[in-house]
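# A closer look at the structure
One letter stands for each residue in the lines below.
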Amino acid sequence: MISGRKSAVIERPEAEREALRSQILELKAQMRAVIVAHNYQHPEVQDIADFVGDSLELARKSTELEAQAIVFCGVHFMAETAAILNPDKKVYLAHGTAGCPMADMIDGNELREWKARYPGAAVVCYVNTTAEVKAESDICCTSANAVKVVESVPQSEVVFVPDENLGKFVAARTKKNVTIHPYPGYCVTHARLNAEQVKLARSLHPDSPVVVHPECKPEVAALADQVLSTSQMVRYCKESNASSFLIGTEMGILHRMRKEAPGKEFFLVSNSLICPNMKKTTLDSILETMRSGRNEVIVPEDVRLRARRAVDRMLAIV
Ligand code: 13P
Ligand code: SF4
């Protein structure tokens, strides 16, 4: 177990960092752009962003921005969701190869085959999917609203893709009489967390609530005090009376937690909780993306319109 205080920080002289920041801000004004970042991004990336949030907040926020361009610091499916929702804006991914291995575990053909096994079932896709998969789904969800989304569909059978752990978490939490058929996808980062690590962390910090992400394995979620999306975790830790917390998600979240709850202590349950793709984006890659105009996310219009239905249905749920 580590505190996670230093490991995500890119070491560079402050003057160099400041020079990069001012070039980014100048270009941002010229492009009439807004920079948004996911909670897992490097601290220096979060700090230059206009908005930092979880997947649901970032999708919603993208529709409220008065800008010509969105520079997205996260992974591909997140920028693609912003592109699905904002055909009038240019959307750039701030590092060209930042992808999500879980989103790549199912494509349109595989989903069609999975659906064919359960005729009549509603198809709920996690936002961690490609536009092609969203286009084949009835409704999208994120870790913040998955239970509500499943409860919103009229069917009592649901095909849930691609995160098996999130599907099982919904099945355990919902009050609806529903059968969920989860696809066997998973997050390679959260899969590294195991029950033994949680038990060890608890024995070292018995007064600290354990807060984990629903992408964790069911046996890990079962040991936790709270199973929450990344922004829900930040809110919970700020509002809780506890003064220290054991965190079971990607280490980037610690930056926001320490910023927003400065008097409290946060410990990562395992030092393996690093998503290499989330860590690709740096101030340099943001500047390079903005300068070159590369990494624009383009979704073919027919796919975008079908994917948008699934995302809009999710956003209509409070
Ligand atoms: P959140 O929507 O909870 O931020 O999660 C996104 C993600 O990719 C978790 O691994
Ligand atoms: Fe994908 Fe997992 Fe990284 Fe999130 S943490 S972007 S689910 S690989």
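As shown above, the structure is provided for reference.
Residues numbered from 1 in each chain as written. Chains lettered and ligands numbered in written order. Predicted model: local features only at pLDDT ≥ 70, side-chain atom pairs only at ≥ 80, totals over all residues. Heavy atoms only, no water.

## Digging into the sheet that holds strand 3 (residues 69-73)
Here four strands make up an open sheet; going across it, the order is 2-1-3-4 and the pairing parallel. The sheet is open, and its two borders are formed by strand 2 (51-53) and strand 4 (90-93), each paired with just one other strand. Each neighbouring strand pair of the sheet contributes to a mean axis angle of 20 degrees, computed without reference to strand direction. Bridging between strand 3 and strand 4 involves four bridges; their strand directions are parallel. When the bridges of strand 4 are listed, V71 appears paired with Y92. (Pairing = 2+ DSSP bridges. Helix = DSSP H or I, 4+ residues; strand = E, 2+ residues; numbered from the N terminus. Axes fitted to C-alpha atoms, helices over the stretch in contact; angles between N-to-C directions.)

## Topic: the nonpolar core
Formed by 96 residues in total, the largest nonpolar core has its most connected members in V158, F160, V161, I247 and M257. The element that contributes the greatest number of residues to this core is helix 4 (residues 76-85), accounting for seven residues. With residues near it in sequence (within four places) discarded, M257 still touches M233, V234, C237, I247 and F266. One finds L20, I24, V71 and L283 within the second-largest nonpolar core, a separate group that totals 20 residues. (Core = buried A, V, L, I, M, F, W, Y, C linked by side-chain atoms within 4.5 Å. Buried < 20%, exposed > 50% of the residue type's maximum accessible area, 1.4 Å probe, protein only. Contact = heavy atoms within 4.5 Å.)

## Quick look at the side chain of S285
Looking at the secondary structure, you find S285 in helix 13 (residues 283-292). Among the polar contacts made by the side chain of S285, one reaches the main-chain amide nitrogen of T282 at a distance of 3.0 Å. Residue contacts for S285: discarding those within four places in its chain leaves A94, H95 and K280. (Polar contact = N/O pair within 3.5 Å; in protein donor to acceptor, adjacent residues only side chain to side chain.)

## Let's talk about the site of ligand 1
Around ligand 1 sit H38, Y40, D54, S55, N128, S143, H190, H213, E215, S229 and T230, and those are all the residues in its vicinity. A distance of 3.5 Å is found between an oxygen atom of ligand 1 and a side-chain nitrogen or oxygen belonging to Y40. One nitrogen or oxygen atom from the side chain of T230 is found 2.5 Å from an oxygen atom belonging to ligand 1. By residue class, the composition of the shell around ligand 1 is one nonpolar, eight polar and two charged. (Near = heavy atom within 4 Å. Nonpolar A, V, L, I, M, F, W, Y, C, P; charged D, E, K, R; others polar.)

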